[in-house]
Every structure is written in C-alpha cells, then in structure tokens.
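Coordinates in review
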Amino acid sequence: VIHEQHETKARFDTIRETIDGAIACLLDELALPAPLDTAIRYAALSGGKRLRPLLAIESARAVGGSGDEALGSAVAVELVHAFSLVHDDLPALDNDDLRRGRPTLHKHTDEATAILAGDAMLALAFEAIDRVDPVPNDAAHRALLNELTHGTRAMIVGQIHDTLGGFPESFSDQQRVDLIHENKTGALIRASCVMGAISACADPDDLTLISDLGSVIGLQFQIVDDLLDIEGDPELVGKTLGKDEAANKLTYPSVLGIEGARSALEDLNTRADSILDRFGERAIGLRAIVDALKSRRA
Ligand code: IPE
Ligand code: IPE
Ligand code: MG
Ligand code: MG
Ligand code: MG
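A quick note: this is a predicted structure, and the numbers were derived from the prediction, not measured. (Residues numbered from 1 in each chain as written. Chains lettered and ligands numbered in written order. Predicted model: local features only at pLDDT ≥ 70, side-chain atom pairs only at ≥ 80, totals over all residues. Heavy atoms only, no water.)

For the magnesium ion (ligand 3), the full set of protein donor atoms is Asp88 (OD) and Asp94 (OD), at a range of 2.1 to 2.2 Å. Between the magnesium ion (ligand 3) and the magnesium ion (ligand 4), the interatomic distance is 3.1 Å, and Asp88 donates to each metal, bridging them. Classification of Asp88 by relative accessible area gives buried; the value is 12%. (Donors = N, O, S within 2.8 Å, 3.2 Å for Na, K, Ca; no water. Buried < 20%, exposed > 50% of the residue type's maximum accessible area, 1.4 Å probe, protein only.)

Following this line, the structure appears as structure tokens:
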C-alpha cells in the first residue's frame, strides 16, 4: 500500500509540474504588462491542489488516452478556477485575506489588479484550449469550448446564488444548497472530467460515465470544503476558517448538520466507487484521486 501511495504521489506531482510549466510557458509567450503578468503568476502558480487538471488528465487516461492530449483543457480549467478564487476572495464577495496560506491577491496587490487579473485569466483559459497544444479537429475544439463555457457560466450562476440568493421561491433549503453546489463547484469539476475525456476521443458511453462521475466528485468536493471550513486545521487548509457560518452561508453542514453532511458524503463515495468499477485498469489514476478526496484535509 505504501509503495502504491508513493507511486500515486509521483504520478500526480509529475502532472502538477507539467501544468505549472504549461501555464508559465503560455504567460511567457503572451508577454503581458508586468503588473498583470506578476498578478496572474501569483494567483495561478501558487500551489493549490490542481484537482481540476488532475481530473482532466486522468479522465483522458481512463477512456484510453495517454493524458497528454488533455493538457490544453487542464490548463484551461485551472485558469478558470484561479479566476474564480481571486474574485471569490474580493471584499464584494467573500472578503477573504488568506488563500493557500498566503495573502489573497487583492491583499497582496490591490483590488483593481485582482479584478483585472481575474478577467484576464478567464480570457486566457479560452485561448489555452487550442494554444497550449493544438486540438486535432474543429468538432473537438467546439465541444471543448462548449464544455468550458457551460462550466464557467454555471460557476458564476452558483456564485450568484451563494452570494445574493435569487432562488425559485418554492425551493427548500436542501434544494437551494444543491443548486449552489452543483453550479459553483460541481459544474467546473464535471467539465474538467468531460473535457479530458473529449480530448481523448471518448466514446459516448464512457463520456456519460465520466460526466456522472464528475458530478458526484463536484458535489463531494464542496461538501468537504464546507466541513473543512468548520472543523479543518487552519495550517493545512490555508484559508481563514469559520467564514461560512459568520456569513450565514447555506452549506451542507448548515442545512443537514455535520453528521448529515458526513452521511451525504458516504452516499456520494459509494456512487463514485460504483461508477469507477465500470472502468478497468485505465482508471487507476481517477480512482486514486477519488480515494484521496475522501480523506482530504486541505
Ligand atoms: C477551493 O477550491 C474552492 C472550491 C471550489 C471549493 P480548491 O480546494 O480546489 O482550491 P486549491 O486550488 O486547491 O487552492
Ligand atoms: C468556492 O466556494 C466557489 C468558487 C467558485 C470559487 P467557497 O467560497 O466556499 O470557496 P473557498 O472556501 O473560499 O475556497
Ligand atoms: Mg464563496
Ligand atoms: Mg470563499
Ligand atoms: Mg469554502
């Protein structure tokens, strides 16, 4: 088991290095004005788990690819994610001072820089799909753009519900929190998986399974994020904790209680495992990601 854990760690570290290299390379090529370039590097090359790129690359492998074909998609989803975090931390949204154990971008620089760096990362994400590594054909390119567009739009819709409300009036708290989570976090995670699979020319059945798995992981991921905000170790999480309760956010633990949230997680774990069982050896990386997420503390 320990040997396997070492192998998995090495496998994921290699992917993380490749992603960081590709983002740095894209920025070198674009030669943006110094304050913008520096701000984007601060936000996008500052650690972070790189979950979405890992999912894109391992989803490509799960459907028979080498993983390399998903590099453009992997960079794209990470850039959208980095943009979403920079804006999420702004005073107008969550007003956070700490991210990945360091000052948030607007604290490190100023709000104007953070707003514009976020905007720029969104644009760069769409360029990255074809620029990091040319997409083999127009149909695949369109499909990837479509997924990234949907995932991004959903993330913004989720942030609106999270921050400002705007729910259908008949919705229960459970329906509201599901709507928030599926959109603000789930959709981009699902898109990461689907884009990886599309890059590797997945057949329709595999694509459906990968999409379902992505939805399950997305929901799982945000429930754990909400639990960590309550009971995480601040050193490991690298964010100021207790913010959700202070801001009266609708979260799984606030709606279902901590035990209720944990049991919802158990159900999702079971669903993820049963989807993974449909894939063979090729899904070894995806399986390792799902296992790591079950016990993540950061
Ligand atoms: C945090 O995302 C925001 C959520 C969507 C829950 P991550 O936990 O993936 O953040 P990093 O990239 O690892 O810092
Ligand atoms: C993340 O939700 C939503 C995004 C789309 C960025 P949170 O607001 O819970 O994320 P953290 O806890 O600040 O990372
Ligand atoms: Mg938020
Ligand atoms: Mg936040
Ligand atoms: Mg959170």
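Next, the rest of the story.
Glancing now at the site of ligand 2. The environment of ligand 2 is made up of Ser84, Leu85, Asp88, Asp94, Arg99, Met155, Gln159, Lys184, Gln222, Asp225 and Lys239. Contact distances for ligand 2 include 2.7 Å between an oxygen atom and a side-chain N or O atom of Asp94. Side-chain polar atom of Asp225 to an oxygen atom of ligand 2: 3.1 Å apart, as the coordinates give it. Taken by itself ligand 2 offers 390 Å² of open surface, and the protein chains cover 90% of this. Of all the secondary structure elements, the ones that give two or more residues to the shell around ligand 2 are helix 4 (71–88), helix 7 (138–164) and helix 9 (204–231). Sorting elements by how many residues they give to the shell around ligand 2 places helix 4 first, with three residues. (Near = heavy atom within 4 Å. Polar contact = N/O pair within 3.5 Å; in protein donor to acceptor, adjacent residues only side chain to side chain. Areas by Shrake-Rupley, 256 points an atom, 1.4 Å probe, with all protein chains shown as cover. Helix = DSSP H or I, 4+ residues; strand = E, 2+ residues; numbered from the N terminus.)

Around ligand 1 sit Gly48, Lys49, Arg52, His81, Leu85, Arg100, Thr185, Phe221, Gln222, Asp225 and Lys239, and that is every residue in its neighbourhood. With respect to ligand 1, the side chain of Arg52 contributes an N or O atom lying 2.8 Å from an oxygen atom. Where the shell around ligand 1 is concerned, the elements lending two or more residues are helix 4 and helix 9. In terms of residues, the shell around ligand 1 owes the most to one element, helix 9, which gives three residues. Of the residues assigned to the shell around ligand 1, the class counts are two nonpolar, four polar and five charged. (Nonpolar A, V, L, I, M, F, W, Y, C, P; charged D, E, K, R; others polar.)

Okay, helix 1 (residues 2–30) next. End to end, helix 1 covers 42 Å across 29 residues, agreeing with the expected 42 Å (1.5 Å per residue, within 8%). Those residues of helix 1 lying buried are Phe12, Ile15, Ile19, Ala22, Ile23, Ala24, Leu26 and Leu27. Once helix 1 finishes, Ala31 follows within two positions and takes phi at roughly 45°, a positive value. (Expected span 1.5 Å × (residues − 1).)

What follows covers the side chain of His161. By the secondary structure assignment, His161 is in helix 7. Given a relative accessible area of 11%, His161 falls into the buried group. Residues in contact with His161, not counting those within four places in the same chain, are Gly166, Phe167, Leu179 and Ile180. (Contact = heavy atoms within 4.5 Å.)

What follows concerns the nonpolar core. Ranked by size, the top nonpolar core spans 84 residues in total, and within it Leu79, Met121, Ile223 and Leu286 carry the most contacts. Among the elements that make up this core, the one with the highest residue count is helix 9 (eleven residues). For Leu286, the residues in contact, after removing those within four places along its chain, are Leu55, Glu58, Ser59, Ala62, Ile210, Leu213 and Leu276. (Core = buried A, V, L, I, M, F, W, Y, C linked by side-chain atoms within 4.5 Å.)

Taken together, the side chains of Asp68, Glu69, Asp130, Asp133 and Asp138 present a region of like negative charge at the surface. Structurally, the position occupied by Asp68 is in the loop between helix 3 (51–62) and helix 4. (Patch = residues over 30% accessible without salt bridge, like charges linked within 9 Å, V, L, I, M, F, W, Y side chains within 5 Å. Salt bridge = Lys/Arg side-chain N within 4 Å of Asp/Glu carboxyl O. Lys, Arg positive; Asp, Glu negative; His and termini not counted. Charge placed at Lys NZ, Arg CZ, Asp CG, Glu CD.)

Once that is clear, we can look at the state of the cysteines. Enumeration according to the criterion identifies zero disulfides in this entry. With no disulfide of its own, Cys193 lies 17 Å from the sulfur of Cys201, the closest cysteine sulfur. (Disulfide = S-S within 2.5 Å.)

With the rule as written, the count across this model stands at 23 salt bridges. Linking Asp13 and Lys9 is a salt bridge whose minimum nitrogen-to-oxygen distance equals 2.6 Å. Of the two residues, Asp13 and Lys9 both sit in helix 1, four residues apart, roughly one turn of that helix. Looking at Lys9, the relative accessible area reads 51%, which means it is exposed. The closest approach of N and O atoms between Lys243 and Asp96, which form a salt bridge, is 3.5 Å.

With that settled, the discussion passes to unusual backbone geometry. Even without glycine at this site, Arg50 takes up a positive phi of about 65°. Looking at where Arg50 falls in the secondary structure, it is placed in the loop between helix 2 (34–44) and helix 3. Residue classification places Arg50 among the buried positions, given a relative accessible area of 3%. One non-glycine residue, Arg100, lies in positive phi territory at about 55°. On the secondary structure map, Arg100 appears in the loop between strand 1 (98–99) and strand 2 (102–103).

Any aromatic ring pair is given by two values, namely how distant the centres are and how the planes are angled relative to each other. Throughout the structure, instances matching the rule amount to zero aromatic pairs. Over the ring of Tyr42 we find Arg102; its NZ or CZ atom is 3.8 Å from the centre of that ring. The residue whose ring lies beneath Arg296 is Phe221, and the NZ or CZ to ring-centre distance is 3.7 Å. (Phe/Tyr/Trp six-rings, centres within 6.5 Å; stacked < 30°, edge-to-face > 60°. Lys NZ or Arg CZ within 6 Å of the ring centre and 35° of its normal.)

Limitation: the analysis is restricted to geometry and does not speak to function.
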